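Listed below, chain by chain, are the residues.
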Amino acid sequence: MRVSSSSLTSSFIWAWAEPEQNSMKPKVQSSLRQYSFHALKDRSSPRDVPDLSNDLAFLLHMADEYDPLLARRLSVFLSPVSETRLLEENLDRRWGVEKLHSMTTVDAEGRSRLHLVALPRLPPAVFSLSQLHVLKLELITDAKFTAQVADMTSLRELHLYHCTAAVDAGALGVLREHLEALHLTFTQAAEIPGWVYSLRGLHELHLSGRLGYEGGLGRGWALGSLRQLCHLRVLVIRGMLQRVPGELCEVAGSLVRLEIHNEGSRLLVLTGLRRMAGLTELQLQGCQLERLPSALLALTSLRTLDLQHNNLRTLEELLSLVHLRRLSCLRLAHNRVLALPASVGVLRGLELLDLANNQLQNLPPALFTLHRLRRLLLAGNLLEELPVEVQALQLLTELDLSGNRLEKLPPELFSSCLELRILNVAQNSLGSFPLGVGALRQLVRLDLRSNSLEELPAELGYCSGLRGGGLLVEDWLLHSLPHHVKDFLTHPCSPSRPESDTFPYFSTTQWSFSSALESQI
C-alpha cells in the first residue's frame, strides 16, 4: 500500500488538532486503541472517521514519535520497491515449476503447450520448462524475456495476446535462432514490439489487430520493414487493410502462403500481389471483393485460392485463371454467385471446388469435365437437379449437396462414382432414394436427414463403412430397414472380426437375407 504525502499531511493535521495532544509523547507506548475506528464511531459522525490511508498515516506518525527507526522500517516496507518484491515472491511461490507442469497440455501433434492468463508478470519458473514447445501468454502486463529463455530448448511457437513483451539482448539472440512461429494479437499496430522484425529464423507470423490507418488509401500499412524476416513462409493478417502492402515484396522470395482476413472491410487495392509470384496459397476472406482480382494472373505458382466470405456475384473472370496451371483447390463459399460459367471447364487441375452457400440454380455441363475433382461442395444453394453428367467425376470422394432443393438423385451417381466416401444430401426434398447405393463400397458417411423419404433401400447393408454411425438419418426411418440390416448398421464394428474391404461381414443368420437380396437385385 502506498501512502501519499498529501494523505500524511492531512492525517497529521487531523491527529494533532488539539494542542494538549502535542504533549502525549510519553503516553504513546500506551494503547493506541483510543484512535481506532471502533472508538471514534461512538464519539463522532461517520464523516469524521478518516479513511484507511489517513488512519495508516496517523499510525506512521505515532510510530515515528515513539521510535523514528521503527517508522522508517515501516515506510520502507510500504514502498513501491517492497511492493514489487512482494509480488515477485508471491508469483514465485504460487506459480512454481510443479504447478506449471500440471497446467501443460499436449496437442494432437504431440507438442506440449502452456497457456497463462492475466498474471502481473511472467513467472520465472517458465524458463525452466525445457520440454515446452508452445507458450501462450494472454493479458500479462509485464512479460519480460531474459537470457534464461535459452533453457527453453524446445520452444518453437509463441503467442502474445495483448501482452507487453520486452526482450533483452541475450533473449533476442536465442529467439532469433529457435523461434519458428509467432502469433501477435493487439489493438493498434504501435503495440507490436520492434524486436519482432529482427526474428530472422521465423517461418510463420500471425498478426491480429488494427493495421490500417484512418488517413486514407496511401497509408494503409502500419508495420515496419519485413526485410530481416528472410525465412518467413507464412503470413496471416487479421485486420482492416485498404490495400495489399507493398512492403510484402520484401519477403516475396520466401513467402508461400498469405492470408488476409479483413473482417468485412473493403480491400481496394491488390496490385501488391503481382510481386508475389512464389505464392502457392492465397486467402482473401472478408475483403468485400465483388470480382476476381486481376492481380491473380501473376500468381502462376498458386495451388490454393480461397476467396470465401466476400461479395462475389459473377465468376466471368474464371477464364483468366487458365494460366494458373497448378491450381488444385478453389474455395468460393459464402458469396453471392448466381451462376457458374462454362469457363470453369478451363480449370483442368482442380481437385477441390467449394461453392457452398451461394445462389446457384443449375450446374453447367462444363463442370463435369473436371475429371480430377475429388471434392465437390455445393451445399446451401438453390439447386433443383443434379445432372446425370456427374457420372464423369469418377474420382469423386466427397459430394456435399445439403441444403438445396433436390427431389431426386440420378442413378448414374451410384454406378459411376464408386470412390465416394462422403455423400451429404441432407435438407433437400428427396422423396425416394434410388437403387444402386450398395455399389458404393467405399462409403463411410451418408447423411439423409431432413428429406421426404418414406423408406431406405435395404442394400445399404452392403456399405460396410457406414457401420457404427456412418448413416445419419431419423430414427423412425431407420426402422424401415430389415432387422438384420438395421442391426448391422447401428452396431459398432467388432475389433476381433475385421471387415473385408470389398464386402460387409454378416453373421450366419444374415447370409440368407444377403443372398435373397442379391437375387432380387
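Right, let's walk through the structure included here. All figures in this text were calculated on a predicted structure; none of them were measured in a lab.

### Section: the side chain of Ser416
Then, in step 1: Tracing the backbone shows Ser416 in helix H8 (residues 412–416).
Then, in step 2: With a relative accessible area of 18%, Ser416 lands in the buried category.
Then, in step 3: Residues in contact with Ser416, not counting those within four places in the same chain, are Gln391 and Gln394.

### Things to note about the environment of Gly170
Then, in step 1: As for its position among the elements, Gly170 is in helix H7 (residues 169–178).
Then, in step 2: Each C-alpha atom, one on Gly170 and one on Thr146, is 6.6 Å from the other, the two residues being 24 residues apart in sequence.

### Examining the packing of aromatic side chains
Then, in step 1: For the structure on display, the rule yields 2 aromatic pairs.
Then, in step 2: Ring centres of Phe127 and Phe145 lie 6.4 Å apart, and the angle between their planes is 70 degrees; this geometry places the pair in the edge-to-face category. Of this pair, Phe127 sits in the loop between strand S2 (112–117) and strand S3 (134–138) while Phe145 sits in strand S4 (residues 143–145), and the two are 18 residues apart along the sequence. Taken individually, Phe127 and Phe145 each receive the classification buried, so the pair is uniform in this respect.
Then, in step 3: On the basis of an interplanar angle of 45 degrees and a centroid distance of 5.4 Å, the ring pair of Phe414 and Phe433 is categorised as tilted. Of the two residues, Phe414 is situated in helix H8 and Phe433 in the loop between strand S17 (422–424) and strand S18 (445–447); the sequence distance between them amounts to 19 residues. Residues Phe414 and Phe433 agree in their burial class; the two are buried.
Then, in step 4: Across from the ring centre of Trp95, 4.0 Å away, lies the NZ or CZ of Lys99, which sits over that ring.

### Structural notes on the pairing of strand S11 (residues 281–285)
Then, in step 1: Counting buried residues along S11, 4 of its 5 residues qualify, which places the element largely inside the surrounding structure.
Then, in step 2: Here strand S10 (residues 257–261) pairs with S11 via 5 bridges, running parallel. From the neighbouring strand, Ile260 faces S11, where its bridge partner is Leu284.
Then, in step 3: Pairing of S11 with strand S12 (residues 304–306), which is carried by 3 bridges, proceeds in the parallel orientation. Across the sheet, residue Glu281 finds its bridge partner in S12, namely Thr304.

### A word on the environment of Leu296
Then, in step 1: Residue placement: Leu296 occurs in the loop between S11 and S12.
Then, in step 2: Separated by 26 residues in sequence, Leu296 and Leu270 place their C-alpha atoms 9.1 Å apart.
Then, in step 3: For Leu296, the residues in contact, after removing those within four places along its chain, are Leu282, Leu305, Leu321 and Leu324.

### Brief notes about the pattern of salt bridges
Then, in step 1: In the structure shown here, the tally under the stated rule is 15 salt bridges.
Then, in step 2: Across the pair Asp107 and Arg111 runs a salt bridge whose closest N-O atoms are separated by 3.1 Å.
Then, in step 3: Glu180 is paired through a salt bridge with Arg156; the nearest N and O atoms lie 3.9 Å apart. Taken together, the residues Glu180 in the loop between H7 and strand S7 (181–188) and Arg156 in the loop between S4 and strand S5 (157–161) connect sequence positions 24 residues apart.
Then, in step 4: Classification of Glu180 by relative accessible area gives partly exposed; the value is 34%.
Then, in step 5: Owing to a relative accessible area of 27%, Arg156 belongs among the partly exposed residues under this scheme.

Parameters at a glance
Residues numbered from 1 in each chain as written. Predicted model: local features only at pLDDT ≥ 70, side-chain atom pairs only at ≥ 80, totals over all residues. Heavy atoms only, no water. Helix = DSSP H or I, 4+ residues; strand = E, 2+ residues; numbered from the N terminus. Buried < 20%, exposed > 50% of the residue type's maximum accessible area, 1.4 Å probe, protein only. Contact = heavy atoms within 4.5 Å. Phe/Tyr/Trp six-rings, centres within 6.5 Å; stacked < 30°, edge-to-face > 60°. Lys NZ or Arg CZ within 6 Å of the ring centre and 35° of its normal. Pairing = 2+ DSSP bridges. Salt bridge = Lys/Arg side-chain N within 4 Å of Asp/Glu carboxyl O.

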